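These are the residues of each chain, in order.
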Amino acid sequence: MVSLIRTLRNIQRVGFREWVRQMRYIGDAKSGRYIGHDQFGNRYFENLNPAEEIPGRHRWVDYSQHEYNASQVPPEWHAWLSHIRKDPPAEDKVMQAVTPPWLAPYRENLTGTRGAFKTYDTVAPRVYSWKPQATSRS
């Protein structure tokens, strides 16, 4: 009965369309406070009400792409999601002060996709395969 009440409450809070989308993508109906977004367009939420969320599952990410994986979460947001950092990156003074200016922007892991890195050889091979050459007999 509690899950039915929780489900109805979340439908009322997020709307029917968003509830259907959440059930299709994450398999659970969640409602919470919007915390922020990253460069990939992922949205981050938090719900601190212990009556509604299981402890440890009260922070979550809403991926912007349908084909998502964990490498689409930048390190600073991963630290917040896994409770390594208390405050989100936009509010965390230490995280903003520690980030060096020479740091390259984060890119997701493209292994298994069309954008994956493929090596190529620029050096001449040391061993050549045998190519038979027939000479004409005189």
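These numbers come from a predicted model, not from an experiment.

Asker: So what's going on with the overall build of the protein? Residues and values would help.
Answerer: Across its full length, the protein carries four helices and three strands. Beginning at the N terminus, the succession of helices and strands in the protein can be written as α-α-β-β-β-α-α. For the C-alpha atoms alone, the extent of the protein along its principal axes is close to 95 × 40 × 20 Å. Of the roughly 11200 Å² of accessible surface on the protein, a fraction of 58% belongs to carbon and sulfur atoms. With 20 positive and 14 negative side-chain charges, the protein shows a separation of 7 Å between the mean positions of the two kinds.

Asker: Explain the sheet that holds strand β2 (residues 43-46) to me, using residue names and the numbers behind them.
Answerer: What the three strands build is an open sheet, ordered β1-β2-β3; its pairing is antiparallel. At either margin of the open sheet sits one strand with a lone partner, and together these are β1 (33-37) and β3 (59-62). With strand direction ignored, the average angle separating the axes of adjacent strands in the sheet is 30 degrees. Taken together, the four bridges between β2 and β3 define a ladder with antiparallel strand orientation. Looking across to β3, one finds that E46 is bridged to R59.

Asker: Explain the nonpolar core to me, and be specific about the residues and the numbers.
Answerer: Membership of the largest hydrophobic core is limited to eight residues, which are I35, Y44, V61, Y63, V73, W77, W80 and L81. No other element matches helix α3 (residues 75-81), which puts three residues into this core. If sequence neighbours within four positions are ignored, I35 has contacts with Y44, F45, E46, W77, W80 and P88.

Asker: Give me the lowdown on the pattern of salt bridges, citing residues and values where you can.
Answerer: Counted by the stated rule, this structure contains six salt bridges. A salt bridge links R21 to D62, with the shortest nitrogen-to-oxygen separation between them at 2.5 Å. Taken together, the residues R21 in helix α2 (residues 16-25) and D62 in strand β3 connect sequence positions 41 residues apart. One salt bridge connects D92 with R85, and the closest N-O pair in it is separated by 2.8 Å. For D92, a relative accessible area of 7% corresponds to the buried category. It is possible to trace a salt-bridge network through shared partners that takes in E18, R21, R43 and D62.

What counts, and where the lines are drawn
Along each chain, the written sequence defines residue order, and numbers are assigned to residues from 1. Only residues with pLDDT of at least 70 are given local features in this predicted model, and only at 80 or more are side-chain atom pairs given and counted; all residues enter the totals for whole chains, interfaces and linings. Working from all heavy atoms in the structure, the side-chain values ignore hydrogens and water. Secondary structure elements are taken from DSSP: a helix is a run of H or I of four residues or more, a strand is a run of E of two residues or more, and numbering for both begins at the N terminus. Surface exposure here means Shrake-Rupley accessible area, sampled with a 1.4 Å probe, where a residue is shielded only by the protein chains that are shown. We treat Lys and Arg as the positive residues and Asp and Glu as the negative residues; His and chain ends play no part in the count. By convention, the point assigned to a charge is CZ for Arg, NZ for Lys, CD for Glu and CG for Asp. For two strands to pair, DSSP has to find at least two bridges joining them. To obtain an axis, a line is fitted to C-alpha atoms, over the contacting stretch when the element is a helix, and the angle between two such axes runs from 0 to 180 degrees between their N-to-C directions. For our purposes a nonpolar core is just a set of buried Ala, Val, Leu, Ile, Met, Phe, Trp, Tyr and Cys residues, chained together by side-chain atoms within 4.5 Å. Only protein chains enter the accessibility calculation, which uses a 1.4 Å probe; a residue whose area is less than 20% of its type maximum is buried, one above 50% is exposed, and one in between is partly exposed. By definition, residues are in contact when any of their heavy atoms lie within 4.5 Å. The rule for a salt bridge is simple: a side-chain nitrogen of Lys or Arg has to be within 4 Å of a carboxyl oxygen of Asp or Glu.

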